[in-house]
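So the chains spell out like this:
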Amino acid sequence: MSQGFATRAVHGGYDCRSQGGGSASVPIYQSAAFDMVTANRGDALAAGEIEGFSYSRLSNPTVKVLEDRMSSLEGGKGAVAMASGMAAVSSALLCAAEGGGRLISPVDLYGTSVDAMKTFFPNFGIETDFVEDINDLDAVESLIRDDTRAIFAESVSNPSTAIADVPGLADLAHRHGVALIIDNTVPTPYLLNPIDFGADIVVHSTTKGVAGHGNALGGVVIDAGRFDWGNGRYPQMTQPELIISDERRGSMVSFLDAFGNLAFLNRVHTKYLHTFGAVMSPFTAYLQLTGLETLAQRVTTQVRTAETLARHLLSIPQVEYVNYSGIPEGRHRGDADLQDRLAATMLPKGVGTILSFKVRGGYEQVKRIVDSVHLLAYMPNIGDCRTLIVDPARITHREVPGPCRLSAGVSDDLIRISVGLESPDDLITDLDQAFAVAYQDWD
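Residues numbered from 1 in each chain as written. Predicted model: local features only at pLDDT ≥ 70, side-chain atom pairs only at ≥ 80, totals over all residues. Heavy atoms only, no water.

Colleague: Which parts of the structure should I look at to understand the pairing of strand E12 (residues 414–418)?
Modeller: Across a regular strand the side chains alternate sides, sitting on one face of the sheet and then on the other. Across the five residues that make up E12, a large majority, five, are buried. Residue alternation in E12 divides its side chains into two sets, Leu414, Arg416 and Ser418 and Ile415 and Ile417, and both sets are buried. In terms of strand pairing, strand E9 (residues 354–359) meets E12 through five bridges, oriented antiparallel. If you follow Leu355 over to E12, its bridge partner there is Ile417. In the sheet, strand E11 (residues 388–390) pairs with E12 via three bridges, with the strands oriented antiparallel. (Buried < 20%, exposed > 50% of the residue type's maximum accessible area, 1.4 Å probe, protein only. Helix = DSSP H or I, 4+ residues; strand = E, 2+ residues; numbered from the N terminus. Pairing = 2+ DSSP bridges.)

So this is what it looks like as structure tokens:
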């Protein structure tokens, strides 16, 4: 029976009649290890021949429900949960480009993602070719080489809220046998499923809107299960791997041999999660499952409030412009007509819960505004049920080199807001008084 999004957000991956001893909530399986029962069963578990639980660094029943639920909500074939969003992003990109491959990415991304690709991944032999506008498909295509492994973008970028042309990027990537990896953190699965538009891998910081309460870090990698990892660009998928083979019987297999189109997901799970150990705890998974149950209702309210705030900010004389692609006046980056079409076709329920705006007077006025708000909290997170404010150039994008930061529109006079669940009138009142204080001596 086909179920709607809200139903799957509450029930996906868990049936209290057959799991968890009848517990309505998913139990917290706070155990490092699990009884493998017999030697034969333990051998089969270790070989990956059967599903089950032996050690929580490999898999845990609470975490598995979150993985299954997120996979269901995104329309994937499987998922791997991790300890943070950056663990998910880094593992996905490193797995794709492993062994000296290249990535293509815009500069208009969360700061740590840019920093990882620009200054850290090269130490592992992985280079990134950056493009100013990810929707300039000719520019993206010109960067594709024989060793290009993936195109990476945020579906809705942070903090400009520009919408990526996922269908166009997917068509381009697949013509060249390259995977498309999309970070869908800002819209959440409720507003957008990139897999429906051709994405091969979707990553999330579940810390943000998925959890929704700012109380736990997490990330997830979701596989659409349809990309051909055996097309010649991904030698790591075709090399024999001892961890999934039976050396005693002389049987050596690759991830492609063992898992076919799910080779990528299983490599992330078996090599990256298993080896690097960025494991999500059972209690964290429980908190995120609890938040996930109200995702549709929360985001619906927050999107309405974000649109209200965006329009109000446009009426303030000291605001030069507002970045919020959920309204036509807030679509500033890239081709405006394309952004209009993408908003209508990909994100008809809204683009997400963050917005940003540029103020007159530079960084001094930014400091005065963030120091003068009372209801809005000065925090670097997004997707919280509380409304948060931050100056991204100095906080979330501080590690991004100046030219890249400015190219992405992240200047010292930019402020980002992550909209929560408070009354819109109260948020407007708080912002208005902060502007009054910040500009009381303004000529």
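Read on, since the account is not over.
Colleague: Please explain the sheet that holds strand E3 (residues 127–131) as it appears in this structure.
Modeller: Strands pair in a sheet through their backbones, by hydrogen bonds, and they do so in one of two ways: parallel or antiparallel. Read from one edge of the open sheet, seven strands run E1-E7-E6-E5-E4-E2-E3, paired in mixed fashion. Among the strands making up the open sheet, the edge pair consists of strand E1 (78–82) and E3. The mean angle between the axes of side-by-side strands here comes to 20 degrees, regardless of whether they run parallel or antiparallel. The pairing of strand E2 (residues 102–106) with E3 spans five bridges and is parallel. Counterpart to Pro106 in the pairing with E3 is Val131. Across the face of the sheet, helix H4 (residues 85–97) comes into contact with E1, E2, strand E4 (148–154), strand E5 (179–183), strand E6 (201–205) and strand E7 (219–223) while running at roughly 155 degrees to E6. Sheet contacts for helix H7 (residues 166–175): E4 and E5; angle to E5, the most-contacted strand, approximately 155 degrees. (Axes fitted to C-alpha atoms, helices over the stretch in contact; angles between N-to-C directions. Contact = heavy atoms within 4.5 Å.)

Colleague: In this structure, what is going on with the sheet that holds E9? I would like to understand it.
Modeller: Taken in spatial order, the five strands make up an open sheet running E8-E9-E12-E11-E10, and their pairing is mixed. Edge strands, defined here as strands with exactly one partner in the open sheet, are strand E8 (319–323) and strand E10 (377–378). Pairing of E8 with E9, which is carried by four bridges, proceeds in the antiparallel orientation. Bridged to Tyr321 within E9 is Lys358. Docked against the sheet, helix H13 (residues 295–314) engages E8 and E9, running at close to 10 degrees with respect to E9.

Colleague: Help me understand the side chain of Thr161 in this model?
Modeller: Take Thr161: it is sitting in the loop between E4 and H7. Every residue in contact with Thr161, bar those within four places of it in the chain, is listed here: Val156, Asn323, Tyr324, Ser325, Ile354 and Leu355.

Colleague: Looking at this structure, how should I read helix H12 (residues 282–292)?
Modeller: In an α-helix, one turn spans 3.6 residues; hence positions three or four apart end up facing the same way. Counting buried residues in H12 gives eight out of eleven residues, a clear majority hidden from the surface. For H12, the set of buried residues is Pro282, Thr284, Ala285, Leu287, Gln288, Leu289, Gly291 and Leu292. Residues of H12 that are buried sit in contact with helix H1 (5–11), helix H3 (61–74) and H13.

Colleague: I tried to follow the side chain of Arg233 on my own but got confused; where do I start?
Modeller: Among the secondary structure elements, Arg233 is positioned in the loop between E7 and helix H9 (235–238). Despite its burial, Arg233 pairs with no opposite charge; the closest candidate is Asp146, at 5.2 Å N-O. One polar contact links the side chain of Arg233 to the main-chain carbonyl oxygen of Asp146, over a distance of 3.0 Å. Within polar-contact distance, the side chain of Arg233 engages the backbone oxygen of His176 at 2.9 Å. (Lys, Arg positive; Asp, Glu negative; His and termini not counted. Salt bridge = Lys/Arg side-chain N within 4 Å of Asp/Glu carboxyl O. Polar contact = N/O pair within 3.5 Å; in protein donor to acceptor, adjacent residues only side chain to side chain.)

Colleague: Is there a simple way to explain the pattern of salt bridges in this structure?
Modeller: A pair can form between side chains of opposite charge whenever their charged atoms are brought close. The final tally for this structure, using the stated rule, is 13 salt bridges. With a closest N to O distance of 2.8 Å, Asp129 and Arg102 form a salt bridge. Of this pair, Asp129 sits in strand E3 while Arg102 sits in strand E2, placing them 27 residues apart in sequence. Both residues of the pair, Asp129 and Arg102, count as buried. The closest approach of N and O atoms between Glu241 and Lys271, which form a salt bridge, is 3.1 Å. Of this pair, Glu241 sits in the loop between H9 and helix H10 (255–259) while Lys271 is found in helix H11 (residues 263–276), placing the two residues 30 residues apart along the sequence.

Colleague: What exactly am I supposed to notice about the pairing of E6 here?
Modeller: Counting buried positions along E6 gives five out of five residues, so the element sits mostly inside the fold. Judged by which residues are buried, E6 turns out to be covered on both faces: Ile201, Val203 and Ser205 on one side and Val202 and His204 on the other are all buried. Bridging between E5 and E6 involves three bridges; their strand directions are parallel. Within E6, the position partnered with Asp183 by the bridge is Val203. Sheet topology note: the E6/E7 ladder contains five bridges and is antiparallel. Bridge pairing in E7 links Val203 to Val221.

Colleague: Help me out: how do you make sense of the environment of Asn261 in this one?
Modeller: Note on placement: Asn261 falls in the loop between H10 and H11. According to the relative accessible area criterion, Asn261 is partly exposed, its value standing at 34%. It is 34 Å that separates the C-alpha atoms of Asn261 and Thr300, two residues lying 39 residues apart in sequence. The contact partners of Asn261, leaving out residues within four places of it in the chain, are Asp223, Gly225, Arg226, Phe227, Asp228 and Trp229.

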